[in-house]
Structures are given as structure tokens and as C-alpha cells.
Amino acid sequence: GDMTEGLQQARDAPPPPDLSNLSKPDSVYQARTMTFPDGTIAYDADGVVLAGDMTEDQVKACLAAGANSWLYLNEECNKACPKAAVEAASVPFEMVLLMTPASLTNECVDKLVAYVDSAPKPAVIQCSTATRASIPYILHKAKTDKLPAASAMALAASMTPPLKFLEKPPLASAVKRALIHANRKPVIFRQLFDTSGSSTYTYLIADGPGGEAVLIDPVLEMVDRDLKLIDELGVKLKYAVNTHCHADHVTGSGAIKAARPEVRSIIAAASGAQADVKIGHGDRIEFGSMFLEVRATPGHTDGCLSYVCDDMVFTGDAVLIRGCGRTDFQQGSADRLYESVHTQIFSLPDDTIIYPAHDYKGHRCSTVGEEKALNPRLGSGKTKDEFIEIMANLNLPYPKKIDEALPKNMVCGIQEGMPTPA
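Residues numbered from 1 in each chain as written. Predicted model: local features only at pLDDT ≥ 70, side-chain atom pairs only at ≥ 80, totals over all residues. Heavy atoms only, no water.

### Observations concerning the packing of helix H5 (residues 134-144) against helix H6 (residues 149-158)
Then, number 1: Close contact between H5 and H6 brings their axes to 10 Å; oriented N to C, the two are set at 130°. Viewed along their axes, H5 and H6 adopt a mutual orientation that is oblique. Considering how the two elements wind past one another, H5 and H6 form a crossing that is right-handed. Contact residues: Ile138, Lys141 and Ala142 in H5; Ala152, Leu155 and Ala156 in H6. (Axes fitted to C-alpha atoms, helices over the stretch in contact; angles between N-to-C directions. Helix = DSSP H or I, 4+ residues; strand = E, 2+ residues; numbered from the N terminus. Parallel < 35°, antiparallel > 145°, perpendicular 65-115°, else oblique. Left-handed = near helix turned anticlockwise from the far one by under 90°. Contact = heavy atoms within 4.5 Å.)

Right under this line is the structure:
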């Protein structure tokens, strides 16, 4: 519908204004540029209007279009400060100084997020060129939609039009820092390697000292090492999480649960495997004040998931460093894997760190930008047809441990004779 008309009705109606026309969950962000040159940018779905310096007439036009709150990020002495006009229209006017990347302190971030959360919509956010004005908006969206830093930065770039803070690298890195440090605690992160033969990486992430933790892709033979480390660090293991139903090693989830009955195991519902919690695309795995964002990345198996946390993505076997998982077993599909990687992983910012489930050459991590440019199968401009052909001609040997590992992993790695977790 026409936004201006809808808002005009909302203004004439008795309070509270009916802004139901603003919450169109499925609508793509429709940018509405008003009639002035470097004018406002309205993101209708969220009821947020970003603006730079405006003339008195432009300010009046904004108020007439139905602005219900106004946040100003410059100093009051700025000659373009619209405070008087906005207050004369009885619209709440708030100032939070956000002049440079250094202004983005924890206190400032909290103020901005709280403001956008509670401000009556449509809310105008104004700076000098609508660049800094986009910062409170993305901080608010990351919080309300529970987006990790990498996903929030990708969203900012994919909006119509893209949020302008991205054009200024110092601002962009300050925003990314604010998104990563949203939990305000030093994150504990460990990458652990399976020395028993499968070259699997297990990842421990904890919400600071004494906080809750998740363990991604534990390996049966390495469980004692993992639990010892968890005890030494004094963190509380909440979930044992698998990226997929592995064919080359037995998951440690069952053994961990036998030793620590309070731990819950997690796997994709689509994998058909047993676990305490079955998850799918768009879910969040929460531990302390942190979370993993779940992205479905099928193709290596039909139950493959990737997990985004801060500026990291744990890709399982969907993307390996300069490679990818095979697609000739476990409902594998090269077509689906190509789609998954290009839409769910390569769509993240180039500086997102890729942590794979395995590496056989001693590499430990990569980045999205690096794999897009250099991955000989999925990146370097390869088309889907080329990828399908590459995967069809790999002539790989039969997976080493698949006959032993798969049946066990379908039941959470729990074997005969193991104590049953309570």
C-alpha cells in the first residue's frame, strides 16, 4: 500500500497510531526516497527513516509524512539541527552523539539500541549524510533478529539501498566490533584437532570464564581430552553439536552425555539421526548470552548445517579449505551443495572466518573471500555445471570408516555396553 497515505491515516487516528502496515514480515525492504536530492531513505518494513542534513521544508515534509520520533546524532549547535521544528510538532526528539568510530562505546551502543527498540515508528534517524544514521538501525536489527556479526553485516550490504556506513571502512569496522562484543565478555574459543586419525576439528566456544559452552563436532576418541579442557577452563558444557552425521569418525556426543548427563546433543532434524534437540535452518543455539545461527547447507549430506557465530562460520564439510565434502554418499548432491555454499556461506562478508570440520594438509582456517577466489571447486568463478562435473569425476575411494561410523552416529554415537545417559 502507499506508505504516506497509510501514515497520514495513522496520524489522524486516535493514539496509539496503527502501524500494522509497517510490519510486513515478508516484504523486501522498499526504499522510499522523498523528493529532495540527498533525501531520506525509508525502510518501510521496520518503520525506520534515515536522513542527512535537511532544510526546514524537508524537516516539515518528514513530519507531515508521519514521523513519530526523531533521533539526532550530531551536536545541538549544528546549524541544521531540527530540534525546534520537531519539538514544535510535538514529536519526541532525542540526541545521542555519534560523530566518529570512537564514539561507538558500549554505553553509546546500548543507548542507540534501546532508543530504536522503543521509539514510536516511523522513527527518523538523522546525521549529516545518512551514513552514521544507518548504524543504530543495524545494531537494533542485529539485536531484535538475533543476528551474529557476519550475518548482520551481510544484511546491511543486501538492503535496498545498502546501509551507507559500509562505505566508510573505519565506521564499518567499529560497527562490526560492536556487534561481536555484544555479549561484553571475553569469548573463550578453542580449535582442537583429532589426533586419532580422522583429522577432524572440534570447536569449543564459551560465553566467557565460568559461562555456558558448546562443543561442535566432538570425536569419540578425543572426549577425555575435551572434557578435561572444559573442566580446566571452568566452563559449563550445555550442548554437544554436530554439523552433520559424519561418515569418517564416531561422534563423541553419546560418550559426553554418558559422562555428563546434563549435556544435550544437537543435530539437524533433516539428518534423520537421533539427538536430544533437532534443529533446522534459521534456528538459534543459545548458550549464555551467545548463540549460533543455524544455516542449512545440504549437499555433502542432506542434514548438513553451518553455524555462524560472531564473524566466524563453522562449515562442517560443506566448505573445506580449498575443497569441499564429497557428494557421492549419504544423499549427497553436487547441485544442492553448490546452491548451499553460494547462498548461505559465500553470501557472508569476505572477512568472515571459515572453520571447517576437517583439514588434511595442516591448514586451520580460511575466509569467505579467500574461498570465493581460490577454492578450485566452488570458487574461482566456477559455474554450477562445472562443479557438478568436477564432483562426478573425483573417483574417490570408499569412505574409510563409513560402515562403522554411520550406524553409530545415527544413534548419537551411543554404543552397546555404554552407560545410558540419564
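Having seen it, we continue.
### Digging into the nonpolar core
Then, number 1: One finds Leu104, Leu112, Leu163 and Phe165 to be the most contacted residues of the largest nonpolar core, which totals 42 residues.
Then, number 2: Per-element tally for this core: the top contributor is helix H7 (residues 169-180), with seven residues.
Then, number 3: For Leu163, the residues in contact, after removing those within four places along its chain, are Tyr43, Leu50, Ser134, Tyr137, Ile138 and Ala156.
Then, number 4: The next biggest cluster of nonpolar side chains, apart from the first, holds 21 residues, and it includes Tyr201, Val241, Phe314 and Tyr355. (Core = buried A, V, L, I, M, F, W, Y, C linked by side-chain atoms within 4.5 Å. Buried < 20%, exposed > 50% of the residue type's maximum accessible area, 1.4 Å probe, protein only.)

### As for the pairing of strand S9 (residues 212-216)
Taken residue by residue, a regular strand's side chains alternate between the two faces of the sheet.
Then, number 1: The buried fraction of S9 is high, at four of five residues.
Then, number 2: In the sheet, strand S8 (residues 201-206) pairs with S9 via four bridges, with the strands oriented antiparallel. Within the sheet, the bridge partner assigned to Ala206 lies in S9 and is Ala213.
Then, number 3: The hairpin turn running from S8 into S9, its antiparallel successor, is five residues long, and Gly208 in that turn takes a positive phi close to 80°.
Then, number 4: Pairing geometry for S9 and strand S10 (residues 236-241), over five bridges, is parallel. (Pairing = 2+ DSSP bridges.)

### Regarding the packing of helix H4 (residues 106-118) against H5
Then, number 1: Between H4 and H5, whose axes approach to 9 Å, the crossing angle comes to 75°. Judged on the interaxial angle alone, H5 and H4 are roughly perpendicular. Contacts from Val109, Leu112, Val113, Val116 and Asp117 in H4 reach Pro136, Leu139, His140, Lys143 and Thr144 in H5.
Then, number 2: Class assignment of the residues belonging to the contact of H4 with H5 gives a composition of six nonpolar, two polar and two charged. (Nonpolar A, V, L, I, M, F, W, Y, C, P; charged D, E, K, R; others polar.)

### A short note on the pairing of S8
Then, number 1: Of all six residues that make up S8, six are buried, and the element is covered over most of its length.
Then, number 2: In S8, alternate side chains face the same way, and those of Tyr201, Tyr203 and Ile205 on one face and Thr202, Leu204 and Ala206 on the other are all buried.
Then, number 3: Taken together, the six bridges between strand S7 (residues 188-193) and S8 define a ladder with antiparallel strand orientation. What sits directly across from Phe189, in S8, is Ile205.

### Here's the deal with the layout of surface pockets
Then, number 1: Of the volumes computed, that of the largest pocket is approximately 880 Å³.
Then, number 2: Taken together, 35 residues form the lining of the largest pocket, with Asp248, Leu320, Arg326, His358 and Tyr360 sitting closest to its centre.
Then, number 3: Classifying every residue of the lining of the largest pocket by side-chain character gives eleven nonpolar, 13 polar and eleven charged.
Then, number 4: Contributions of two or more residues to the lining of the second largest pocket are made by H4, H5, H7 and strand S14 (290-296).
Then, number 5: In terms of residue count, H4 provides more of the lining of the second largest pocket than any other element does, four residues in total. (1 Å grid on protein atoms, 1.4 Å probe; cavity = no way out; pocket = protein on both sides within 12 Å on 5 of 7 lines; lining within 4 Å. Points joined across faces, edges and corners; volume = space filled by probe spheres on them.)

### A short note on the packing of aromatic side chains
Then, number 1: Here the structure, examined in full by the defined rule, presents twelve aromatic pairs.
Then, number 2: Plain terms: the ring middles of Tyr201 and Tyr203 are 6.1 Å apart, the flat faces sit at 45° to each other, and that makes the pair tilted.
Then, number 3: You can call Tyr203 buried: its relative accessible area is 1%.
Then, number 4: Among the aromatic residues, those joined into a ring-pair cluster are Phe189, Phe193, Tyr201, Tyr203, Phe314 and Tyr355. (Phe/Tyr/Trp six-rings, centres within 6.5 Å; stacked < 30°, edge-to-face > 60°.)

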